[in-house]
Amino acid sequence: MRPASLVLERPVELNFEGNEYRPLLGGDLSSSVPWSEDQRWWVRLPAQNVLALRTILRKLDYTWALLIFWPLALLSNAQNWGIKSVFALNFLALLTLETRFISTAEWLWLFSGSTVTNLLTEVLPNIFPLLIGITGILYSEIQLVESFIVGSLIANLLVGTGLSFVIGGIWNNEQRIDYGGVRNVAVLTLLTAFPYIVPTFLGAFMRDELHFDDLRTLITVEAGVLLAFYIMWLCFRYKTHAFLFQGRGELYASPVVDDGLSSSNSGTDLLGEERIQLPSRLWHLLWLIIIFAVAVQCSANLIHSIPELVKVTPLSQLSIGAVLLPVITSLSNCFKTCLIAKTNRMELVIHLTVETTLAMVFLNLPGLTFANMILGHGPLLNLNFILNISLFISVFTTAYLIRDGIFHILKGCMALALYLIIIMGLFVYPNDWD
């Protein structure tokens, strides 16, 4: 009799394999002839269907199912389904649109040269934050825009890094990166809080009409300085010192294939059929335009419904702008950083988070400031007390957590706990308490 240990050392592989001499049930399951090539049709056809279904499910992008919220969001506003329904459906529609916009943009990079790819990498992820901010300015919701800017920064710093630390710690225990490089990144993180200091504290003492023009001039000049610094950062990042960032280019070198497509134009899949060829650049550009056009309408519906939503719900304008709206623009980036952290590439996570934060401060903020000035509104950076305190605490906490280059679950939990405390304070903050 064969010992039991030998049986256990040879696990049975249920991989649809067999041969023409083996019966349908029983026999040797480890033969070299696949079931999908069996001569008996009642064996071959079910096996081929199972293989095809398994291939489709593995390559399927389930975010396409969320496209159902697009027509529902547009119908809810046209048919007056109620203010809560209008807000919820347009919120989900914008979330789906932002995800599909980023996914389509990543495919578009395959057809572009290095310079165009770098430009698209920096600009396209900031389209939706600018869209929501400009829409809020058009509807004169200046405080909503201010809270949205700060809330996006806080969510990117605490939620993005916190979830990445937790997931990276679960899969890889403790992760370490170079101390010298991460120290420079920590300094850049601290830099993101400084543009808010001077306008905020001077605005508290310059509320009269006599100093209003001086405050506006100060904020306009500061926005120009921030934009000039961002242009200098892009030249440093992609031209003069590109060799310092060559290791981080792998994030966009091979984008994730979500739809079962392949970067090559020919080949065969598991069933021996030809792969679907990549759509052209024109198709991707057309799809981006359609997504953006729908997003403009959904953004207008969402911002227009917020004042009425505040009246019928316990939510405040501050909590909506600083907590709910940043979910639209931060979810896809947080999901991407979590996937990267799972593969033990924490250095790439840190640089991606900091570069996204820099774009928010040095590109989105000046853009919204100039749009606010052109449309004739007051200064944009006149933040209230809790937004200032929350932003400074988030920036300094993130810089402290990443400064030593050691990441684990405890640091992730600290960041997520701090974010939970901040959003609880934002939800209970009174609307009329400035």
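None of these values were measured; they are calculated from a predicted model. (Residues numbered from 1 in each chain as written. Predicted model: local features only at pLDDT ≥ 70, side-chain atom pairs only at ≥ 80, totals over all residues. Heavy atoms only, no water.)

Caption draft 1: Structural detail: the overall build of the protein. A count of helical and extended segments in the protein gives 16 helices and four strands. Burial status across the protein gives 46% buried among its 434 residues. (Helix = DSSP H or I, 4+ residues; strand = E, 2+ residues; numbered from the N terminus. Buried < 20%, exposed > 50% of the residue type's maximum accessible area, 1.4 Å probe, protein only.)

Caption draft 2: The arrangement of the pattern of salt bridges in detail. For the structure on display, the rule yields three salt bridges. Of the charged contacts, one joins R176 and E174 as a salt bridge, the two residues approaching to 3.0 Å between their closest N and O atoms. According to the relative accessible area criterion, E174 is partly exposed, its value standing at 37%. Between K311 and E308 there is a salt bridge, with the nearest N and O atoms lying 3.8 Å from each other. Here K311 pairs with E308, and both are found in helix α12 (residues 281-312), just three residues apart, close to one helical turn. With a relative accessible area of 39%, E308 lands in the partly exposed category. (Salt bridge = Lys/Arg side-chain N within 4 Å of Asp/Glu carboxyl O.)

Caption draft 3: Structural detail: the confidence of the model for the protein. Averaged over every residue, the pLDDT of the protein is 76; residues scoring 70 or more account for 74%. Across the protein, helix α16 (residues 409-428) holds the top mean pLDDT of 91, while helix α1 (residues 4-8) sits lowest at 42. Low pLDDT, under 50, characterises residues 1-22; the predicted model gives this stretch 34 contacts beyond four residues in sequence or across chains. Segment residues 26-31: pLDDT under 50, and 15 contacts once partners within four positions in sequence are set aside and those in other chains are kept. (pLDDT = per-residue confidence, 0-100. Contact = heavy atoms within 4.5 Å.)

Caption draft 4: Fine view of the nonpolar core. If you look at the biggest cluster of nonpolar residues, it comprises 60 residues, and the most contacted ones within it are Y196, M346, I350, I402, F407, Y419 and L426. Elements supplying a minimum of two residues to this core: α7 (142-172), α8 (179-191), α10 (212-240), α13 (317-342), α14 (346-374), α15 (385-402) and α16. Broken down by element, this core gets its largest block of residues, 15 residues, from α14. Leave out the neighbours within four places in its chain, and Y419 touches I154, A155, L158, V159 and V323. F91, A93, L144 and L325 belong to the second largest nonpolar core, which has 31 residues in total. (Core = buried A, V, L, I, M, F, W, Y, C linked by side-chain atoms within 4.5 Å.)

Caption draft 5: Expanded view of helix α3 (residues 69-78). If you check which residues of α3 are buried, you get W70, A73 and S76. Burial along α3 is one-sided: seen end-on, the buried residues are contained in an arc of 135°. One or two steps after α3, the chain reaches N80, where phi turns positive at roughly 55°. (Arc of directions from axis to C-beta.)

Caption draft 6: Summary view of unusual backbone geometry. With phi around 60°, S140 is a residue other than glycine that occupies positive phi space. Here S140 is to be found in the loop between α6 (127-138) and α7. A relative accessible area of 46% places S140 in the partly exposed class. Of note in this structure, N173 is not a glycine but carries a positive phi near 65°. Structurally, the position occupied by N173 is in the loop between α7 and β3 (175-176).

Caption draft 7: Structural context of the packing of aromatic side chains. Evaluation of the coordinates by the stated rule reveals six aromatic pairs. Arranged with centres 5.9 Å apart and planes meeting at 25°, the rings of W70 and W287 form a pair that is stacked. Of the two residues, W70 sits in helix α3 while W287 sits in helix α12, which places them 217 residues apart along the sequence. We note that W70, like W287, is buried. For the cation-ring pair, K342 lies above W171, with the distance from its terminal atom to the ring centre recorded as 4.3 Å. (Phe/Tyr/Trp six-rings, centres within 6.5 Å; stacked < 30°, edge-to-face > 60°. Lys NZ or Arg CZ within 6 Å of the ring centre and 35° of its normal.)

Caption draft 8: Geometry of the packing of α3 against α12. In the contact formed by α3 and α12, the axes pass within 10 Å of each other and the chain directions differ by 35°. The crossing of α3 and α12 is left-handed. On α12, the residues that touch W70, A73, L74 and N77 of α3 are W287, I291, Q297, C298 and N301. Across the contact of α3 with α12, the residue classes tally to six nonpolar, three polar and no charged. (Axes fitted to C-alpha atoms, helices over the stretch in contact; angles between N-to-C directions. Left-handed = near helix turned anticlockwise from the far one by under 90°. Nonpolar A, V, L, I, M, F, W, Y, C, P; charged D, E, K, R; others polar.)

Caption draft 9: The arrangement of the packing of α13 against α16 in detail. Running from N to C, α13 and α16 cross one another at 155°; their axes reach a closest spacing of 8 Å. With respect to α16, the element α13 is oriented roughly antiparallel. Contacts between α13 and α16 involve L318, S319, A322 and V323 on the former and, on the latter, Y419, I423, L426 and F427. For the contact of α13 with α16, the per-class residue count stands at seven nonpolar, one polar and no charged. (Parallel < 35°, antiparallel > 145°, perpendicular 65-115°, else oblique.)

Caption draft 10: Examining the environment of L130 more closely. Mapped onto the fold, L130 is located in helix α6. Separated by 241 residues in sequence, L130 and A371 have C-alpha atoms that sit 9.8 Å apart. When sequence neighbours within four positions are dropped, the list of residues in contact with L130 reads N364 and L368.

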